[in-house]
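Here is what each chain is made of, one letter per residue.
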Amino acid sequence: MPDNSLINIFLDGVFIENFILIQFLGLCPFLGVTKETRSALGMSAAVIFVMTMASAVTFVVASYLLGPMNLDFLELIAFIVVIASLVQLVEYIIRKHLPPLYKSLGIYLPLIASNCAVLGLVLLNRMEDFSFVEGIVFGIAAGIGFGIVMVLMSAVRERTGLVRIPSSIKGVPYAFFAATMLSMAFVNYFEVIPI
Amino acid sequence: MNTTTILIQAIAALGGLAMVIGIVLVMASKVFKVETNPLVDEVLDVLPGANCGACGYAGCGEFAEQVVEDNAPITGCPLGGFEVEEKIGGILGKEVGGEEEPEYPIVHCKGGTNCTDRFNYIGVEDCKAVMLLSEGEKECNYGCMGRGTCVRACPFGAIIIDENKLPKINNNLCTSCGLCVASCPNDLITLSAISEKVHVLCNSHDKGKFVKSVCSTGCIGCKLCAKVCPEDAIKVTKFLAEIDPEKCTACGDCIEKCPQNTIEFRD
């Protein structure tokens, strides 16, 4: 990235380095929770929250706790602890305020904790040496990119639910075909926005 | 810096981090506490946990909630039967009715390979799919197509398709949930109490002559069974014998008399 302006980081996170379709991180909710748009939206909101918070907290942890004590080798463990507890927090909030969503997300909600998209995000933040604000912007962007793909995919799958599909590719195989098409669209952003 | 200092620092840093996070999470769990009824968990524990949906709710958890909230009857779980009913009644302090006799499914068709085909079906192996092609490949429009829709509907693996291309029910595995009854596109499967011993294994309302030409075991409506029955328990309506379980004494006279061997004792 030649230019680290916030808008560039944002567009980069949403489209060019889209977590699902370009970096293929976080594929399990992508296929697991996209059967209906409602739960896809809920999942995206949860992921946006976790990614944003994780960017902020891990920056603080890495630069003010581990950095000064020369404990950089503990980064991975500390990050996972932070992410897991953020997911736990989200789980509390959703269970309290949106019980139907809690039911429809099922196992995929606690799975955000081990979601490679979130861990990938905070590690990328460290690799790119983003500042606090840049990290947060990249986190929000990554979450939104994740959300856009989730919603697109769920719309595709909801509509194709009404179509007659050969029984041999019904369900997951068909979802992978749809994912292929979506991914082709996103790969083309490489050329639209010069990097 | 020697190893010990690094070790202590690492433990302190991660421990401190974990402690801060722990405190935050404990506070969050207090703030976002969801009141759940402990009875729901107790009821859930005594349910079979098969999540078959035969009760009409989305799984055992949902049923437990509805029972506790008095929206579902304690008899609602068809799998658990009387045993579970008694336990739920005990937890919720409700009256338990008398024990009901177990009911098992009966397939009312003996056709299978005994029934001739109209054409050679090649396609999706499912009764409902076969039905779409002019009411199935069998000459008999009432009979079993043997493509195993009921086998797939059964969550307990109690049904297999036997060598005669007919579903065979294993009563030891069957839980009387009734999902197979609902799955059969020809409505061939019914639940009947184990004490109802004699059954007419045919569902065809076609005329006797036609049945005889396509199926070697179908009911032809000859009324021999009705005549021989000492209890007057058999009636033939629309070329199909029907047994009144109230009157039937399972003497077996009709079974001997039936020229097509359509009437049978249940296994």
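Predicted, not measured: the structure shown is a model, and the values here were computed from it. (Residues numbered from 1 in each chain as written. Chains lettered and ligands numbered in written order. Predicted model: local features only at pLDDT ≥ 70, side-chain atom pairs only at ≥ 80, totals over all residues. Heavy atoms only, no water.)

K.L.:
Tell me what's going on with the overall build of chain A, and back it up with residues and numbers.
P.N.:
For chain A, the helix and strand inventory stands at 10 helices and 0 strands. Each helix and strand of chain A, ordered N terminal to C terminal, gives the series α-α-α-α-α-α-α-α-α-α. For chain A, with 195 residues in total, the buried portion stands at 45%. Within chain A, contacts between residues separated by at least 24 positions form 78% of all contacts whose residues are at least 6 apart in sequence. (Helix = DSSP H or I, 4+ residues; strand = E, 2+ residues; numbered from the N terminus. Buried < 20%, exposed > 50% of the residue type's maximum accessible area, 1.4 Å probe, protein only. Contact = heavy atoms within 4.5 Å.)

K.L.:
Outline the packing of aromatic side chains, listing residues and values.
P.N.:
Residues and elements named next belong to chain A. What the rule picks out here adds up to 3 aromatic pairs over all chains. A ring pair is formed by Phe-130 and Phe-138, whose centres lie 5.3 Å apart and whose planes are at 55 degrees; its orientation type is tilted. Of the two residues examined, Phe-130 and Phe-138, each falls in the buried class. An aromatic cluster is present here, built from Phe-19, Phe-130 and Phe-138 joined pairwise through their rings. (Phe/Tyr/Trp six-rings, centres within 6.5 Å; stacked < 30°, edge-to-face > 60°.)

K.L.:
Please set out the UniProt feature "transmembrane region" (unreviewed entry) in chain A residue by residue, giving values where relevant.
P.N.:
Residue and element names in this part refer to chain A. Under the local residue numbering, the UniProt record ascribes the feature "transmembrane region" (unreviewed entry) to residues 6-33, 45-67, 73-93, 105-124, 130-152 and 172-190. In residues 105-124, helix accounts for 70% and strand for 0%; the two terminal C-alpha atoms are 27 Å from one another. Overall, residues 130-152 shows 91% helix and 0% strand. The separation of its end C-alpha atoms is 29 Å. (UniProt positions renumbered as here; feature names shortened; annotations may be inferred.)

K.L.:
Break down the UniProt feature "binding site: [4Fe-4S] cluster 3" (unreviewed entry) in chain B for me, citing the residues and quoting the values.
P.N.:
All names here are of chain B. Those places that UniProt annotates as "binding site: [4Fe-4S] cluster 3" (unreviewed entry) correspond, in this numbering, to Cys-154, Cys-174, Cys-177 and Cys-180. Across 27 residues, the annotated set stays spatially compact, with a maximum C-alpha separation of 10.4 Å. Among the structural elements, Cys-174 can be located in the loop between strand S3 (167-169) and helix H7 (179-183). Sequence-distant contacts of Cys-174, that is, excluding residues within four places in its chain, are made with Tyr-104, Pro-105, Ala-158 and Ile-169.

K.L.:
Outline the layout of surface pockets, listing residues and values.
P.N.:
Remark: the empty space left among the atoms is shown by a probe the size of a water molecule rolled over them. Estimated volume of the largest pocket: approximately 640 Å³. Along its surface, the largest pocket is lined by 19 residues, and Arg-95 and Lys-103 of chain A together with Val-34, Thr-36 and Glu-65 of chain B are the ones closest to its centre. The set of elements that each furnish at least two residues to the lining of the largest pocket consists of helix H4 (75-97) and helix H5 (99-105) of chain A together with helix H2 (38-46) and helix H3 (59-68) of chain B. (1 Å grid on protein atoms, 1.4 Å probe; cavity = no way out; pocket = protein on both sides within 12 Å on 5 of 7 lines; lining within 4 Å. Points joined across faces, edges and corners; volume = space filled by probe spheres on them.)

K.L.:
Tell me about the packing of helix H1 (residues 6-16) of chain A against helix H8 (residues 132-160) of chain A, and please be specific about residues and values.
P.N.:
The relative placement of two packed helices is expressed as an angle between their axes plus a distance between the axes. Residues and elements named next belong to chain A. Contact pair H1 / H8: the axes reach a minimum separation of 7 Å and the direction vectors enclose 30 degrees. In terms of orientation, H1 lies roughly parallel with respect to H8. Classified by chirality, the crossing of H8 by H1 is right-handed. Contact residues: H1 offers Leu-6, Ile-9, Phe-10, Asp-12, Gly-13, Val-14 and Phe-15, while H8 offers Val-133, Glu-134, Val-137, Phe-138, Ile-140, Ala-141, Ala-142, Ile-144, Gly-145 and Ile-148. The residue makeup of the contact of H1 with H8, split by class, is 13 nonpolar, 2 polar and 2 charged. (Axes fitted to C-alpha atoms, helices over the stretch in contact; angles between N-to-C directions. Parallel < 35°, antiparallel > 145°, perpendicular 65-115°, else oblique. Left-handed = near helix turned anticlockwise from the far one by under 90°. Nonpolar A, V, L, I, M, F, W, Y, C, P; charged D, E, K, R; others polar.)

K.L.:
Residues and numbers for the side chain of Gln-66 of chain B, please.
P.N.:
Residues and elements named next belong to chain B. Considering the arrangement of structural elements, one finds Gln-66 in helix H3. Here Gln-66 falls in the buried class, since its relative accessible area comes to 15%. Setting aside chain neighbours within four positions, we find Gln-66 in contact with Tyr-57, Asn-71 and Ala-72.

K.L.:
Give me helix H9 (residues 172-187) of chain A: which residues, what numbers.
P.N.:
Owing to its 3.6 residues per turn, the α-helix brings residues three or four apart onto one side. All names here are of chain A. Helix length check: H9, at 16 residues, gives a terminal C-alpha distance of 22 Å against a target of 22 Å (1.5 Å per residue), a fit within 8%. Those residues of H9 that fall on the buried side of the exposure criterion are Ala-175, Ala-178, Ala-179, Leu-182, Ser-183 and Phe-186. When H9 is viewed along its axis, its buried side chains cluster within an angular range of 145 degrees and face the same direction. (Expected span 1.5 Å × (residues − 1). Arc of directions from axis to C-beta.)

K.L.:
Could you give an account of the interface of chain B and chain A, naming the residues involved and the relevant values?
P.N.:
The interface of chain B with chain A comprises 17 residues on the first partner and 21 residues on the second. Both sides of the chain B and chain A interface together cover about 1,600 Å² of buried area, and 80% of this is carbon and sulfur. Counting every contact that joins chain B to chain A gives 0 salt bridges. Across the chain B-chain A interface, the total number found is 0 residue pairs in polar contact (both at pLDDT 80 or more). Elements supplying a minimum of two residues to the side of chain B that touches chain A: helix H1 (3-31) and H3 of chain B. Tallying contributions element by element places H1 of chain B first for the side of chain B that touches chain A, with 11 residues. (Buried area = accessible area lost by both parts, 1.4 Å probe. Salt bridge = Lys/Arg side-chain N within 4 Å of Asp/Glu carboxyl O. Polar contact = N/O pair within 3.5 Å; in protein donor to acceptor, adjacent residues only side chain to side chain.)

K.L.:
Which residues make up the pairing of strand S7 (residues 240-243) of chain B, and what values do they have?
P.N.:
Residues and elements named next belong to chain B. Across 4 bridges, strand S6 (residues 234-237) lies against S7 in antiparallel orientation. If you follow Val-236 over to S7, its bridge partner there is Ala-241. Connecting S6 to the antiparallel partner S7 that follows it, the hairpin turn spans 2 residues, and Lys-238 within it adopts a positive phi of roughly 50 degrees. (Pairing = 2+ DSSP bridges.)

K.L.:
Outline the side chain of Thr-262 of chain B, supporting the account with residue identities and numerical values.
P.N.:
Residues and elements named next belong to chain B. Tracing the sequence through the fold places Thr-262 in the loop between helix H10 (253-257) and strand S8 (263-265). Owing to a relative accessible area of 1%, Thr-262 belongs among the buried residues under this scheme. A polar contact of 2.9 Å, which involves the side chain of Thr-262, links it to the backbone oxygen of Thr-217.

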